[in-house]
Amino acid sequence: FQPKIRLGILASGNGSNFEYIIKSIKNKQLNAEISILIVNNPNCLAINKAIKYDIPYVIINHRNCNSRLEHDILVKKKLEELSVELVVMAGWMRIVGDEIINRFNNRLINIHPSLLPSFKGVDAIQQAIDKRVKITGCSVHYVQKEVDSGSIIIQAAVPLEEQDSKETLRKRIQDMEHIILPIAIAKVAKKIRTSFMGNK
Ligand code: GAR
């Protein structure tokens, strides 16, 4: 018997990845519980999913903070308060700083809609279309200071078809994200659980 890993989810958008994490917990693919959903934007649709599935959430609005550091500290405090063990950036459209990165070393992961190290940063799907690549995809990786550069945990490839629009491609990439993110979480959770007990 392994106790459930306590997850903190950071989201800024629709929350489809957040919802798939919930589903994979419900169907027992993932031995985890979501301690909190943190959103940075009061209009974030992920909030509706938290309400639907009765998951605690908090809005930490970066517009009410004077600096990135101040926002990061508030996010970190909330995660600490709830003894979160693994932080998942599921469509978190903000760069996180040292404050969070150092505190959650090897316990902070992100999903990105490209095959890293290609197409880092904003609008990765459009970047892939502009370069006319034949294959793109999605990656789950550890978060490091340099954006979208930490070591990769899992990736899935998605072919780019002639007739693809940005929206059709996004849909296929997201279908793969919904599969690989829970797998990545399970993999990292296992690592955390099997790591030296004092190494918490
Ligand atoms: C996902 O496709 C994720 O890869 C992307 O935002 C989307 C969020 O969708 N993240 C980034 O672009 C990070 N740079 P969701 O809110 O429906 O999960």
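Our structure is the block above this text.
Residues numbered from 1 in each chain as written. Predicted model: local features only at pLDDT ≥ 70, side-chain atom pairs only at ≥ 80, totals over all residues. Heavy atoms only, no water.

Remarks on the packing of helix 1 (residues 16–26) against helix 6 (residues 166–194)
The N-to-C vectors of helix 1 and helix 6 enclose an angle of 50°; their axes lie 9 Å apart at closest approach. Taken together, the axis directions place helix 1 and helix 6 in an arrangement best described as oblique. Crossing handedness for the pair helix 1 and helix 6: right-handed. On the side of helix 1, the interface is formed by Ser16, Asn17, Tyr20, Ile21 and Ser24, while helix 6 contributes Gln174, Glu177, His178, Leu181, Pro182 and Ile185. Residues of the contact of helix 1 with helix 6, tallied by class, amount to five nonpolar, five polar and one charged. (Axes fitted to C-alpha atoms, helices over the stretch in contact; angles between N-to-C directions. Helix = DSSP H or I, 4+ residues; strand = E, 2+ residues; numbered from the N terminus. Parallel < 35°, antiparallel > 145°, perpendicular 65-115°, else oblique. Left-handed = near helix turned anticlockwise from the far one by under 90°. Contact = heavy atoms within 4.5 Å. Nonpolar A, V, L, I, M, F, W, Y, C, P; charged D, E, K, R; others polar.)

Observations concerning the site of the ligand
Neighbouring the ligand are Gly13, Asn14, Gly15, Ser16, Asn17, Gly91, Met93, Ile111, His112, Pro113, Gln174 and Glu177. Histidine 112 is positioned with one of its side-chain polar atoms (N or O) 3.5 Å from a nitrogen atom of the ligand. Coverage of the ligand by the protein amounts to 88% of the 450 Å² it exposes when considered alone. Of all elements in the fold, only helix 1, strand 5 (108–112) and helix 6 reach the threshold of two or more residues within the shell around the ligand. Class assignment for the residues of the shell around the ligand results in three nonpolar, eight polar and one charged. (Near = heavy atom within 4 Å. Polar contact = N/O pair within 3.5 Å; in protein donor to acceptor, adjacent residues only side chain to side chain. Areas by Shrake-Rupley, 256 points an atom, 1.4 Å probe, with all protein chains shown as cover.)

Quick notes on the packing of aromatic side chains
Evaluated as defined, the whole model comprises zero aromatic pairs. The ring of phenylalanine 104 carries the charged tip of arginine 103 above its face, separated from the ring centre by 4.8 Å. (Phe/Tyr/Trp six-rings, centres within 6.5 Å; stacked < 30°, edge-to-face > 60°. Lys NZ or Arg CZ within 6 Å of the ring centre and 35° of its normal.)

Looking at a nonpolar patch on the surface
Taken together, Ile51, Tyr57 and Ile59 make up a surface patch of nonpolar side chains, about 270 Å² in accessible area. Judged by relative accessible area, tyrosine 57 falls into the partly exposed class, the value being 35%. (Patch = residues over 30% accessible without salt bridge, like charges linked within 9 Å, V, L, I, M, F, W, Y side chains within 5 Å. Salt bridge = Lys/Arg side-chain N within 4 Å of Asp/Glu carboxyl O. Buried < 20%, exposed > 50% of the residue type's maximum accessible area, 1.4 Å probe, protein only.)

Notes on the nonpolar core
Leu7, Ile21 and Ile109 are the most contacted members of the largest nonpolar core, which has 45 residues in total. No other element matches the nine residues that helix 6 contributes to this core. When residues no more than four places from it in sequence are discounted, the contact partners of isoleucine 109 are Leu86, Val87, Val88, Met89, Val140, His141, Tyr142, Val143, Ile153, Leu181, Ile185 and Val188. Counting residues in each nonpolar core, the second largest holds 17 residues, with Ile38, Leu79, Ile101 and Val143 among its members. (Core = buried A, V, L, I, M, F, W, Y, C linked by side-chain atoms within 4.5 Å.)

This is a description of form; function is not addressed.
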